[in-house]
Amino acid sequence: MDSRTNLVVGITGGMGCGKSTAAALFVPHGFVHLDADRVVREELLKSPPVIAAVRQHFGPSVLDAGGAVDRRQLAGVVFADESELRWLEELLHPLLGASWRNLFARSRGQRFMAEVPLLFEKQLNNWFDFTICVATESALQLRRLEQRGIAPELARQRIAKQLPLARKCEMADFVIVNDGSLEFLRDQVELLATRLLKLPTA
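Fair warning: this is a prediction, and the values are worked out from it, not measured in the lab. (Residues numbered from 1 in each chain as written. Predicted model: local features only at pLDDT ≥ 70, side-chain atom pairs only at ≥ 80, totals over all residues. Heavy atoms only, no water.)

**Let's talk about the overall build of the chain**
- For the chain, the count of helices and strands is 9 helices and 5 strands.
- Over its C-alpha atoms the chain spans a radius of gyration of 18 Å, differing by no more than 12% from the 17 Å that the globule rule assigns to 202 residues.
- Based on the C-alpha atoms only, the size of the chain along its principal axes is roughly 50 × 40 × 25 Å.
- The 202 residues of the chain split such that 43% are buried.
- Considering only intrachain contacts with a sequence separation of at least 6, the fraction spanning at least 24 residues in the chain is 76%.
- For the chain, the computed accessible surface area is about 10700 Å², with 51% contributed by carbon and sulfur atoms.
- Between the mean site of the 25 positive side-chain charges and the mean site of the 24 negative ones, the chain shows a separation of 3 Å. (Helix = DSSP H or I, 4+ residues; strand = E, 2+ residues; numbered from the N terminus. Rg over C-alpha atoms; globule rule 2.2 N^0.38 Å. Buried < 20%, exposed > 50% of the residue type's maximum accessible area, 1.4 Å probe, protein only. Contact = heavy atoms within 4.5 Å. Areas by Shrake-Rupley, 256 points an atom, 1.4 Å probe, with all protein chains shown as cover. Lys, Arg positive; Asp, Glu negative; His and termini not counted. Charge placed at Lys NZ, Arg CZ, Asp CG, Glu CD.)

Here it is, written out as structure tokens:
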């Protein structure tokens, strides 16, 4: 890799597959972990223009008493209606893309590991030099989501709105299997990080 060229990798997978854990394990190898959900939660949904657009579209019921977006109320609306979810994604994804492009433009020779749940669903492949899918078997996936307090019915509903995990694995440049121990996951990340740093970027 040219020391002046950024290496930008997108990492995705199904809910409960361990995307965040895997992405964080790349940090000791010199990667900056970017989290799309965190940017949406901590930046975009707190932006006055976004709050105004959300209020105008959904009404005041998705705002809290202080006028901020109530993420739980908003999630209840958009995950129950495909068209509403699509509207929200079309509002947020361009803003996320612009934020990251600005970051990449200001950087030289940096390594980024960007965690994006809907990477393939929204055809965001061209944002990245390479893509990774973190996979696990479905029973373990649901068990992990239950441990996070997500009811099985809601977990299945949300998973159903994503591409099948097998299809994501087919589309990714690399696949990490997260069915075993943390050490097993760490070993895969170490091998892949070493390989990524040897590959030419676009």
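Right, picking up where we left off after that structure.
**Regarding the state of the cysteines**
- This model, assessed by the stated rule, comprises 0 disulfides.
- In this structure Cys 133 is a free cysteine whose sulfur lies 3.8 Å from that of Cys 169, the closest cysteine sulfur available.
- Look at Cys 133 and you get buried, because its relative accessible area is 0%. (Disulfide = S-S within 2.5 Å.)

**So, the side chain of Thr 131**
- The residue Thr 131 is located in strand S4 (residues 130–135) in this model.
- The residues contacting Thr 131, other than those within four sequence positions of it, are Gly 10, Leu 119, Phe 120, Met 171, Ala 172, Asp 173 and Phe 174.

**Describing helix H5 (residues 82–106)**
- Taking 1.5 Å per residue as the helical rise, H5 with its 25 residues ought to reach 36 Å, and the 36 Å between its terminal C-alpha atoms agrees with that figure.
- Among the residues of H5, Leu 85, Leu 88, Glu 89, Leu 92, His 93, Leu 96, Gly 97, Trp 100 and Phe 104 are the ones counted as buried.
- Residues of H5 that are buried sit in contact with strand S1 (7–13), strand S2 (31–35), helix H2 (36–42), helix H3 (48–58), helix H4 (71–78) and strand S3 (111–115). (Expected span 1.5 Å × (residues − 1).)

**Thoughts on unusual backbone geometry**
- Positive phi values are uncommon outside glycine, yet Gln 123 reaches one of about 50°.
- Relative to the assigned elements, Gln 123 resides in the loop between S3 and S4.

**Remarks on the side chain of His 33**
- Here His 33 lies in strand S2.
- A polar side-chain atom of His 33 sits 2.8 Å from a polar atom in the side chain of Glu 115.
- Ignoring anything within four residues of it in the chain, the contact list for His 33 reads Ser 20, Ala 23, Ala 24, Val 27, Met 113 and Glu 115. (Polar contact = N/O pair within 3.5 Å; in protein donor to acceptor, adjacent residues only side chain to side chain.)

**Looking at the layout of surface pockets**
- In this structure, the largest pocket spans a volume of roughly 1500 Å³.
- As for the largest pocket, its lining consists of 40 residues, and the residues nearest its centre are Asp 37, Arg 41, Phe 79, Pro 117 and Arg 158.
- Counting only elements with at least two residues in the lining of the largest pocket, the list comes to helix H1 (19–25), H2, H4, H5 and helix H7 (152–160).
- Across the lining of the largest pocket, the residue classes break down as 19 nonpolar, 8 polar and 13 charged. (1 Å grid on protein atoms, 1.4 Å probe; cavity = no way out; pocket = protein on both sides within 12 Å on 5 of 7 lines; lining within 4 Å. Points joined across faces, edges and corners; volume = space filled by probe spheres on them. Nonpolar A, V, L, I, M, F, W, Y, C, P; charged D, E, K, R; others polar.)

**Some thoughts on the nonpolar core**
- Membership of the largest hydrophobic core comes to 53 residues, with the highest contact counts inside it found for Phe 26, Leu 74, Trp 100, Met 113, Ile 132 and Leu 196.
- No other element matches the 6 residues that H5 contributes to this core.
- Discounting residues that sit within four places of it in the chain, Leu 74 has contacts with Leu 45, Val 54, Phe 58, Val 62, Val 69 and Leu 88. (Core = buried A, V, L, I, M, F, W, Y, C linked by side-chain atoms within 4.5 Å.)

**What to know about the pairing of S4**
- Burial analysis of S4 places 6 of its 6 residues in the buried class, the great majority of the element.
- What you see with S4 is no split at all: Phe 130, Ile 132 and Val 134 on one side and Thr 131, Cys 133 and Ala 135 on the other are buried throughout.
- In the sheet, S1 pairs with S4 via 5 bridges, with the strands oriented parallel. Looking across to S4, one finds that Val 9 is bridged to Phe 130. (Pairing = 2+ DSSP bridges.)

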